Amino acid sequence: MATKGMNLCNVCCLLIYVITAVLAGRDFYQILGVTKSASIRDIKKAYRKLALQLHPDRNQDDPKAPDKFADLGAAYEVLSDEEKRKQYDAYGEDGLKEGHHSSHNDIFSSFFGDFGFMFGGNRQQQDRNIPRGNDIILDLEVMLEEVYSGNFVEVVRNKPIAKEAPGKRKCNCRQEMRTTQLGPGRFQMTQEMVCDDCPNVKLVNEERTLEVEIEQGVRDEMEYPFIGEGEPHIDGEPGDLRFRIKVLKHPVFERRGDDLYTNVTISLVEALVGFEMDIEHLDGHKVHIVRDKITKPGARMWKKGEGLPNFDNINIRGSLIISFDVEFPQTQLDDQQKDGIRGLLKQGSVQKVYNGLQGF
């Protein structure tokens, strides 16, 4: 009897757990693979990565792929919206207010463009006879801080969209050869323009918000394509929109590859007796510097791992190279001070003339 009672209790607990799980709805944090403390940048980054992996066109052999992709879209829509996220955290999926739900296609295209990632081939491999609108290339200025830490930038674009309009129009026009019999054994061949009748269309501007990910270590002049977001073509496909990265100059750091360069000015006293200081890095953390020996003008210090993340492998970082400038006193020394310095340093005259440009 005791065993039966325990089994019944276990079954009841299992049923309660299943019912609770069903009522609680989907775990959007688990779907995106992020923690409940994840920032909006973490959520966008996770969605962008998983959207490419789970897209149904990439997983045609998986019958559950459309459902997984839909769950991903629902998770992103809720967790990327501050108010919806608060409702979800407090009451679960069933606690979300009824209202407008974005199409997952709209969410996906905001990261990759109207034609997604063009799974199964790029646009250059498509039918060359299909006319295309012009590509648009826009410079996107980014700060060095964004290159170091990464970021998502929202770009609002007014995109011309073809809409049906009353009437018909000539379309798919082409040159065709026509043969006309002029008499017995006499024919004339002429070239004529032949067009089809198509529904009329008009271009209407629609506002679109595009999400551009500034990846860590992104290089100057790199391009981020958004498929189908370029100039429209009434009789074919729209061109692409490409954002070309332009890294802005920084007042403290200079980028060369994955290395960062900066200059530090110290006093003559510090150059002779040593010093320590902190340099504030691009993300706000402090780089500590200690010098307990003489620092010559132009001396350099390498801080490995304090440079920029490598674009291909963000676990690899460049170096921070610090060059030192020495600021000499502005006041003139009297004879007593000069004698004091000579006695203190005990350094004789060194006057060597040489070709410094040749490295001698």
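Draft legend 1. Inspection of the overall build of the protein chain at higher detail. Broken down by element type, the protein chain carries 9 helices and 11 strands. Going through the 360 residues of the protein chain one by one, you find that 32% of them count as buried. Approximately 24100 Å² of the protein chain is accessible, and the part contributed by carbon and sulfur atoms is 51%.

Draft legend 2. Representation of the pattern of salt bridges within the structure. Applying the stated rule across the entire model yields 23 salt bridges. Arg 174 is the salt-bridge partner of Asp 196, the closest N and O atoms lying 3.4 Å from each other. Of this pair, Asp 196 sits in strand 3 (residues 186–214) while Arg 174 sits in strand 2 (residues 151–183), and the two are 22 residues apart along the sequence. Note that Arg 242 and Asp 240 form a salt bridge whose closest N and O atoms lie 3.7 Å from each other. Salt bridges linked by common partners bring Arg 132, Asp 135, Asp 240 and Arg 242 together as one network.

Draft legend 3. How the structure looks around the pairing of strand 2. Looking at chain direction, strand 2 and strand 3 are connected through 27 bridges and run antiparallel. In the strand pairing of strand 3, Arg 174 is matched with Val 194. Counted between consecutive antiparallel strands, the loop separating strand 2 from strand 3 contains 2 residues, among which Gly 185 sits at a positive phi close to 75°.

Draft legend 4. Representation of the environment of Asn 134. Tracing the backbone through its elements, the reader meets Asn 134 in the loop between helix 6 (104–112) and strand 1 (136–142). C-alpha separation for the pair Asn 134 and Glu 229, spaced 95 residues apart in sequence, amounts to 10.0 Å. If near-sequence neighbours (up to four positions away) are discounted, Asn 134 is found in contact with Gly 230, Glu 231, Gly 239 and Asp 240.

Draft legend 5. Looking closely at the packing of aromatic side chains. Counted according to the given criterion, the structure contains 5 aromatic pairs. Centroid distance Tyr 47 to Tyr 76: 4.6 Å. Interplanar angle 35°. Geometry classified as tilted. Taken together, the residues span a long stretch of sequence, with Tyr 47 in helix 3 (residues 40–54) and Tyr 76 in helix 4 (residues 65–79) at a distance of 29 residues. Here the aromatic rings of Phe 226 and Phe 243 are separated by 5.6 Å at their centres, their planes lie at 90°, and the arrangement is edge-to-face. Of this pair, Phe 226 sits in strand 4 (residues 223–226) while Phe 243 sits in strand 5 (residues 241–247), placing them 17 residues apart in sequence. Of the residues examined, Phe 226 reaches a relative accessible area of 2% and is grouped as buried. Taking relative accessible area as the criterion, Phe 243 reaches 3% and is therefore assigned buried. Through a chain of ring-to-ring contacts, the aromatic side chains of Phe 28, Tyr 29 and Tyr 88 assemble into a single cluster. Seen from the ring of Tyr 354, Lys 352 lies directly overhead, with NZ or CZ sitting 5.6 Å from the centre.

Draft legend 6. Representation of the packing of helix 3 against helix 4 in the model. Two elements in contact, helix 3 and helix 4, have axes separated by 10 Å at closest approach and are oriented at 165°. One finds that helix 3 runs roughly antiparallel with respect to helix 4. Once helix 3 is placed against helix 4, the crossing between them reads as left-handed. Judged by residue contacts, Ile 40, Ile 43, Lys 44, Tyr 47, Leu 50, Ala 51 and Leu 54 of helix 3 engage Ala 65, Phe 69, Leu 72, Gly 73, Tyr 76 and Leu 79 from helix 4.

Draft legend 7. Seen up close, the state of the cysteines. Following the criterion strictly, the structure yields 2 disulfides and no others. Each disulfide pairs two cysteine sulfurs, and for Cys 173 the partner residue is Cys 195, the sulfurs being separated by 2.0 Å. As the torsion about the S-S bond is roughly 115°, the Cys 173-Cys 195 disulfide counts as right-handed. Here Cys 173 is found in strand 2, whereas its partner Cys 195 is found in strand 3, with 22 residues between them in sequence. Taking the relative accessible area as the measure of exposure, Cys 195 reaches 27% and is therefore partly exposed. Take the cysteines of the protein chain that form disulfides and number them in order along the sequence; they join up as 1-4, 2-3.

Draft legend 8. Structural context of a nonpolar patch on the surface. Judged by side-chain polarity, Val 269, Leu 272, Val 273 and Ile 294 come together as a nonpolar surface patch covering roughly 390 Å² of accessible area. Its place among the elements puts Val 273 in helix 8 (residues 268–273). Of the residues examined, Val 273 reaches a relative accessible area of 60% and is grouped as exposed.

Draft legend 9. Fine view of the side chain of Asp 240. Position of Asp 240 relative to the elements: it lies in the loop between strand 4 and strand 5. According to the relative accessible area criterion, Asp 240 is buried, its value standing at 3%.

Draft legend 10. Main features of the environment of Gly 25. By the secondary structure assignment, Gly 25 is in the loop between helix 1 (2–24) and helix 2 (28–32). A relative accessible area of 31% places Gly 25 in the partly exposed class. Along the backbone, Gly 25 and Asp 94 are 69 residues apart, and their C-alpha atoms lie at a distance of 6.6 Å.

Scoring rules and cut-offs
Residues numbered from 1 in each chain as written. Predicted model: local features only at pLDDT ≥ 70, side-chain atom pairs only at ≥ 80, totals over all residues. Heavy atoms only, no water. Helix = DSSP H or I, 4+ residues; strand = E, 2+ residues; numbered from the N terminus. Buried < 20%, exposed > 50% of the residue type's maximum accessible area, 1.4 Å probe, protein only. Areas by Shrake-Rupley, 256 points an atom, 1.4 Å probe, with all protein chains shown as cover. Salt bridge = Lys/Arg side-chain N within 4 Å of Asp/Glu carboxyl O. Pairing = 2+ DSSP bridges. Contact = heavy atoms within 4.5 Å. Phe/Tyr/Trp six-rings, centres within 6.5 Å; stacked < 30°, edge-to-face > 60°. Lys NZ or Arg CZ within 6 Å of the ring centre and 35° of its normal. Axes fitted to C-alpha atoms, helices over the stretch in contact; angles between N-to-C directions. Parallel < 35°, antiparallel > 145°, perpendicular 65-115°, else oblique. Left-handed = near helix turned anticlockwise from the far one by under 90°. Disulfide = S-S within 2.5 Å. Patch = residues over 30% accessible without salt bridge, like charges linked within 9 Å, V, L, I, M, F, W, Y side chains within 5 Å.

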